[in-house]
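The lines below spell out each chain.
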Amino acid sequence: MHISFFLTAFAATFFLVVILNPLACKTGLMDHPGHRKHHADPTPLTGGLAVYLAILVTLFIHDINLPNKSAYIFSATILVCIGLVDDYKPVSFKVRILAQIAVGLLMTQIADIKIVDLGDLWNFGNFELGSFATAFTIFALVGGINAFNMADGIDGLVGGLTLIAIGTVAVLAWVYEDWILFNYCIIFIAAVIVFLIFNLRIFGQASTKIFLGDTGSTLFGFIVSLLLIYISQGEDRLITPVTVLWVLAIPLIDSVSTMVRRIANGRSPFFPDREHFHHILPLTGLTNKQTLLVILVSSLVLTIIGITASLVFHVPDGILLALFLCVFTGHYVAMGKINERAKRERRKVAPLPAAVITDRRQAERRVSGHNTVVINERRRHDRRVHIVAITFEDRRIGERRDEERLAAPG
């Protein structure tokens, strides 16, 4: 039965990607190259839409009885619609945040999915949120959505982080025999795998590369955050709330540290820049593929540490939280040092004067003669200044040379 869920989602996602790519080219739903982007060719932003539609198709075919399925589908649809508009024409971050808050209200008030406690942080029993449960859940959900959205910087990163998180939930659901949750995870895993096949061109496709777009990154963040909230609350919880931090360690640490760094530099926390984990690591000499591998391995290791420490060794939540904060501090300091060192290296190159064309009559007289013009040429795609010496022969001097040559005997 589980295999049929996987195969249905896999086939549906594959078919939708093939269908949606040409439509994206015709409608202009493309990600065009720019100064903050690595790709050289316009690429369809259809990955998120294909995954969303494939999940709907699979849920319809197999009629999986998910708890609060209608509220979940409606909330995901809102995020997908806002994401599609944002992919086509950038939407203000305020509009996106408001839509995410509305989705949070739907899930807390209609689906009744809330963070009601933070676990036993001080060995005095669970820390109950009480009347703050709704506000805290919305804050956590919006934070999780934007953490995945900010992580979408290199091919395969958000898909890989999502696969690790959902794979972890699937393993826990299998261990605790929660088959409804397990089947849903299987569906989502199949869809993400198909996306990664196209996004990373695993089989060497020449023209079928796709991106998630904001549609996909917000959808992935929503699904992962919602599932982790669901399994970390209630009497039958599979993991503690603190363990969730370890499963989402990389996207959470990266997004929070980046926003803190922006605020420290006097900028808006939502100001786009190139100071994320996946931007700073290449400054050490790593390629994009090596950067992807380092980040995904780090995420997997931190997930295994958190799950093992909590469920196998029963490490208290307070100690797990303290260790997580140590990891966060270490990441923040290390990334800051790498970034500052890279900036110092760039400053070592002395600034060069702007391009100047010197008139022949005002040219500096050189040993080579009185007829040299010096041009400091600044090429469009090269920041280095090239000194090009161009020699002009004075016409009067040339005429005298011709007269002397004619007057010479024989």
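In this report, the structure presented in the accompanying data block is examined. (Residues numbered from 1 in each chain as written. Predicted model: local features only at pLDDT ≥ 70, side-chain atom pairs only at ≥ 80, totals over all residues. Heavy atoms only, no water.)

### Quick look at helix α4 (residues 93-109)
A rise of 1.5 Å per residue sets the reference length of α4, with its 17 residues, at 24 Å; its end C-alpha atoms lie 24 Å apart and thus fit the reference within 8%. All of the buried residues along α4 are Ile 97, Ala 99, Gln 100, Val 103, Gly 104, Leu 106, Met 107 and Thr 108. The secondary structure elements touched by the buried residues of α4 are α3 (69-88), α5 (133-151) and α8 (213-231). (Helix = DSSP H or I, 4+ residues; strand = E, 2+ residues; numbered from the N terminus. Expected span 1.5 Å × (residues − 1). Buried < 20%, exposed > 50% of the residue type's maximum accessible area, 1.4 Å probe, protein only. Contact = heavy atoms within 4.5 Å.)

### Some remarks on the pattern of salt bridges
One pass over the full model with this rule turns up 5 salt bridges. The partner of Glu 275 in a salt bridge is Arg 267, and the shortest N-O contact between them spans 3.7 Å. Classification of Glu 275 as buried rests on a relative accessible area of 10%. For Arg 267, a relative accessible area of 26% corresponds to the partly exposed category. (Salt bridge = Lys/Arg side-chain N within 4 Å of Asp/Glu carboxyl O.)

### Remarks on the packing of aromatic side chains
Following the criterion strictly, the structure yields 11 aromatic pairs and no others. Where Phe 6 meets Phe 10, the ring centres are 6.1 Å apart and the plane angle is 25°; that geometry is what we call stacked. Of this pair, Phe 6 and Phe 10 both sit in helix α1 (residues 2-27), 4 residues apart, roughly one helical turn. Ring geometry for Trp 246 and Phe 324: centres 5.9 Å apart, planes at 70°, overall edge-to-face. On the criterion of sequence distance, the pair formed by Trp 246 in helix α9 (residues 241-247) and Phe 324 in helix α13 (residues 317-347) is long-range, its members being 78 residues apart. Residue Trp 246 shares its accessibility class with Phe 324, and that shared class is buried. (Phe/Tyr/Trp six-rings, centres within 6.5 Å; stacked < 30°, edge-to-face > 60°.)

### Some remarks on α5
Its 19 residues place the ends of α5 27 Å apart at the C-alpha level, agreeing with the 27 Å of an ideal helix rising 1.5 Å per residue. Buried residues dominate α5, accounting for 14 of its 19 residues.

### Some details on a nonpolar patch on the surface
On the surface, a nonpolar cluster with roughly 530 Å² of combined accessible area is contributed by Val 171, Trp 174, Val 175, Tyr 176 and Trp 179. Sorting elements by how many residues they give to the nonpolar patch places helix α6 (residues 157-175) first, with 3 residues. Relative to the assigned elements, Tyr 176 resides in the loop between α6 and α7 (179-199). Exposure remark for Tyr 176: the relative accessible area of 43% places this residue in the partly exposed category. (Patch = residues over 30% accessible without salt bridge, like charges linked within 9 Å, V, L, I, M, F, W, Y side chains within 5 Å. Areas by Shrake-Rupley, 256 points an atom, 1.4 Å probe, with all protein chains shown as cover.)

### Focus: the packing of α5 against helix α10 (residues 249-264)
Taken N-terminus to C-terminus, the directions of α5 and α10 make an angle of 85°; their axes are 8 Å apart at the nearest point. If you check the angle between α5 and α10, you find them roughly perpendicular. Note on element contacts: α10 touches α5 through Pro 251, Leu 252, Ser 255, Met 259 and Arg 262, opposite Ala 147, Phe 148 and Met 150. The class makeup of the residues in the contact of α5 with α10 is 6 nonpolar, 1 polar and 1 charged. (Axes fitted to C-alpha atoms, helices over the stretch in contact; angles between N-to-C directions. Parallel < 35°, antiparallel > 145°, perpendicular 65-115°, else oblique. Nonpolar A, V, L, I, M, F, W, Y, C, P; charged D, E, K, R; others polar.)

### Notes on unusual backbone geometry
Despite not being glycine, Asn 68 has its phi angle at roughly 55°, a positive value. A positive phi angle, close to 60°, is found at Asn 123, a residue other than glycine. Looking at the secondary structure, you find Asn 123 in the loop between α4 and α5.

### A look at the environment of Asn 199
Classification of Asn 199 by relative accessible area gives buried; the value is 2%. C-alpha separation for the pair Asn 199 and Leu 157, spaced 42 residues apart in sequence, amounts to 10.0 Å. Ignoring any residue separated from it by four or fewer positions in sequence, one finds Asn 199 in contact with Asp 155, Gly 156, Lys 209, Ile 210 and Phe 211.

### Re the nonpolar core
In this structure, Ile 55, Phe 222, Ile 223 and Leu 228 are the most contacted members of the largest nonpolar core, which totals 94 residues. Element by element, the count of residues in this core is highest for α7, at 15 residues. Contact partners of Ile 223, with chain neighbours within four places excluded, come to Ile 55, Tyr 72, Ile 166, Tyr 184 and Phe 188. With 5 residues, the next largest nonpolar core counts Ala 24, Leu 29, Leu 45 and Phe 211 among its residues. (Core = buried A, V, L, I, M, F, W, Y, C linked by side-chain atoms within 4.5 Å.)

### Some words on the packing of helix α2 (residues 47-62) against α7
Across the interface, α2 lies against α7 with an axial gap of 10 Å and an inter-helix angle of 145°. Crossing handedness for the pair α2 and α7: right-handed. Note on element contacts: α7 touches α2 through Tyr 184, Ile 187, Phe 188, Ala 191 and Phe 195, opposite Gly 47, Val 51, Ile 55, Thr 58 and Leu 59. Taken together, the residues of the contact of α2 with α7 sort by class into 8 nonpolar, 2 polar and no charged. (Left-handed = near helix turned anticlockwise from the far one by under 90°.)

### A word on the side chain of Thr 46
Positionally, Thr 46 belongs in the loop between β2 (43-44) and α2. Note on Thr 46: relative accessible area 2%, which makes it buried. Among the polar contacts listed, one links the side chain of Thr 46 to the side chain of Asn 21, at a separation of 2.8 Å. (Polar contact = N/O pair within 3.5 Å; in protein donor to acceptor, adjacent residues only side chain to side chain.)

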